[in-house]
Amino acid sequence: MARARTGDVFFAGAVSAVVVYGAWRALRYVDTRTGLGAFGPAFVYGAATFGRVVALLVVASAIWVPVGVWIGMNPRVSRLAQPVVQVLASFPANFLFPFAAAFFVATGISLNIGGILLMALGAQWYILFNVIAGASAIPSDLREATRLMGLSGKLRWQRFILPAIFPAYVTGGITAAGGAWNASIVAEVVNYGKHHLTATGLGAYIAQAATTGDFPKVLIGVAVMSVYVVGLNRLVWRRLYHLAETRYAL
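For clarity, every value in this text was computed on a predicted model and none was experimentally measured. (Residues numbered from 1 in each chain as written. Predicted model: local features only at pLDDT ≥ 70, side-chain atom pairs only at ≥ 80, totals over all residues. Heavy atoms only, no water.)

**Student:** I would appreciate a short explanation of the overall build of the protein chain in the present structure.
**Tutor:** Regarding its fold elements, the protein chain presents nine helices and two strands. Reading the helices (α) and strands (β) of the protein chain from amino to carboxyl end gives α-α-α-α-α-α-α-β-β-α-α. A principal-axis box enclosing the C-alpha atoms of the protein chain has dimensions of 70 × 65 × 30 Å. Out of the 250 residues in the protein chain, the part that is buried amounts to 36%. The average position of the 19 basic charges and that of the 7 acidic charges among the side chains of the protein chain differ by 3 Å. (Helix = DSSP H or I, 4+ residues; strand = E, 2+ residues; numbered from the N terminus. Buried < 20%, exposed > 50% of the residue type's maximum accessible area, 1.4 Å probe, protein only. Lys, Arg positive; Asp, Glu negative; His and termini not counted. Charge placed at Lys NZ, Arg CZ, Asp CG, Glu CD.)

**Student:** How should the layout of surface pockets be read in this particular structure?
**Tutor:** Where empty space is left becomes clear once a probe the size of a water molecule has been rolled over the atoms. Counted as a void, the largest pocket has a volume near 150 Å³. When the residues that make up the lining of the largest pocket are grouped by side-chain class, the tally is eleven nonpolar, no polar and no charged. (1 Å grid on protein atoms, 1.4 Å probe; cavity = no way out; pocket = protein on both sides within 12 Å on 5 of 7 lines; lining within 4 Å. Points joined across faces, edges and corners; volume = space filled by probe spheres on them. Nonpolar A, V, L, I, M, F, W, Y, C, P; charged D, E, K, R; others polar.)

**Student:** Could you clarify how one ought to interpret the side chain of S78 in this entry?
**Tutor:** On the secondary structure map, S78 appears in helix α3 (residues 75–90). Non-local contacts of S78, meaning those with residues more than four positions away in its chain, are made with I71, P83, I132 and S136. (Contact = heavy atoms within 4.5 Å.)

**Student:** What is the right way to read the packing of α3 against helix α5 (residues 111–136) from this model?
**Tutor:** Relative placement of two packed helices is described by the angle separating their axes and the distance separating the axes. Running from amino to carboxyl end, α3 crosses α5 at an angle of 155°, the nearest separation of the two axes being 9 Å. In terms of orientation, α3 lies roughly antiparallel with respect to α5. With respect to the hand of their crossing, α3 and α5 are arranged in left-handed fashion. Counting all contacts with α3, which are made through S78, Q82, V85, L88 and A89, the residues of α5 involved are W125, L128, F129, I132, A133 and S136. (Axes fitted to C-alpha atoms, helices over the stretch in contact; angles between N-to-C directions. Parallel < 35°, antiparallel > 145°, perpendicular 65-115°, else oblique. Left-handed = near helix turned anticlockwise from the far one by under 90°.)

**Student:** Looking at this model, I keep getting lost on α3. Mind explaining?
**Tutor:** Since there are 3.6 residues in each turn of an α-helix, residues three or four apart along the chain are aligned in direction. Helix length check: α3, at 16 residues, gives a terminal C-alpha distance of 23 Å against a target of 22 Å (1.5 Å per residue), a fit within 8%. The principal kink in α3, of about 35°, is found at A81, preceding the proline P83 by one to four residues. Residues of α3 that are buried: S78, A81, V85 and A89. Structurally, α3 contributes buried residues whose contacts are with α2 (39–72) and α5. (Expected span 1.5 Å × (residues − 1). Bend = angle between axes of the 7 residues up to and from the residue.)

**Student:** I tried to follow the pairing of strand β2 (residues 195–198) on my own but got confused; where do I start?
**Tutor:** Strand direction decides the pairing type here: strand β1 (residues 189–192) and β2, joined by four bridges, are antiparallel. By the bridge assignment for β2, V190 is matched with L197. Joining the antiparallel neighbours β1 and β2 is a turn of two residues, in which G193 adopts a positive phi near 60°. (Pairing = 2+ DSSP bridges.)

**Student:** How should I be thinking about the packing of aromatic side chains in this particular structure?
**Tutor:** Each pair of aromatic rings is reported with the distance of its centres and the angle of its planes. For the coordinates displayed, the defined rule picks out seven aromatic pairs. Relative to F129, the ring of Y126 has its centre 5.8 Å away and its plane inclined at 70°; by these criteria the two rings are edge-to-face. Here Y126 and its partner F129 are both found in helix α5, three residues apart, which amounts to about one turn of the helix. Grouped by ring-pair contacts, the aromatic residues F43, F50, W181 and Y228 constitute a single cluster. (Phe/Tyr/Trp six-rings, centres within 6.5 Å; stacked < 30°, edge-to-face > 60°.)

**Student:** I'm lost on the nonpolar core in this one. Help?
**Tutor:** Most often, soluble globular proteins have nonpolar side chains that are buried together. Of all hydrophobic cores here, the largest spans 58 residues; its most connected members are L57, L118, I127, L202 and I220. Counting only elements with at least two residues in this core, the list comes to α2, α3, α4 (97–107), α5, α7 (153–187), α8 (202–212) and α9 (215–246). Residues contacting L118, with those up to four places away along its chain left out, are F97, A100, F104, L111, A187 and V190. (Core = buried A, V, L, I, M, F, W, Y, C linked by side-chain atoms within 4.5 Å.)

**Student:** Looking at this structure, I do not really get α5. What am I missing?
**Tutor:** Taking 1.5 Å of rise per residue, the 26 residues of α5 would be expected to cover 38 Å, and the 37 Å separating its terminal C-alpha atoms lies within 8% of that figure. At L121, α5 shows its maximal kink, close to 55°.

**Student:** Would you mind showing me how to read the packing of α7 against α8 here?
**Tutor:** It is the contact of α7 with α8, at a shortest axis distance of 7 Å, that shows an interaxial angle of 50°. As summarised for this structure, α7 and α8 are arranged oblique, according to the angle between their axes. Seen from above, α7 lies across α8 with right-handed handedness. Facing W181, S184 and I185 of α7, the residues of α8 in contact are L202, G203, A204, I206 and A207. Across the contact of α7 with α8, the residue classes break down as six nonpolar, two polar and no charged.

What follows is the structure, given as structure tokens:
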């Protein structure tokens, strides 16, 4: 036991040293090429993309949580719908981008708003099939007990359904959020014919820097995105996971 613990401490120390050294070299590289002040605009762009991610999660949750609960609590529907949802989740969403871009051009919708839809094309399904799985896992005797107690409507959702699916929803939410951050790189810059659509955001910042070969800005963009994702995981999603494990686990 003591030997294993010593090995773990040594490994963690070695990995931390490598990470710190890599971060120091990266900061020196950025400082000599563009200056550390370039991180400021990148964090502002990151805030814009963060807003789109939050909007996606809110809208997708409002739409797919009720649908997922209905599917998951109906075994016959669930058997038919789950394979369809999994196919939709695995379908390359960027194949649909030209059609969405054509719609944005025809209607005059800015990519600042339309980018949320493009990000959702691939990310929203994680919420749906995790909610389906969570609703399907609710014990049938617990469902019957709530029926016998006369729980219905808003009270049934508040006291029974939402607490029961909360752990599964958290898993779907964090996966959808991660997918949305990744998709922002291709969702915030879209070319359609002679039209070049660009949104204000960190994804567009990284995509444009990669197109022009500006590696320092690519490095800055990836680093800032990592800060946002890791920070949100630590501050929000980890606490929600702890809440799901300690209070809402069936």
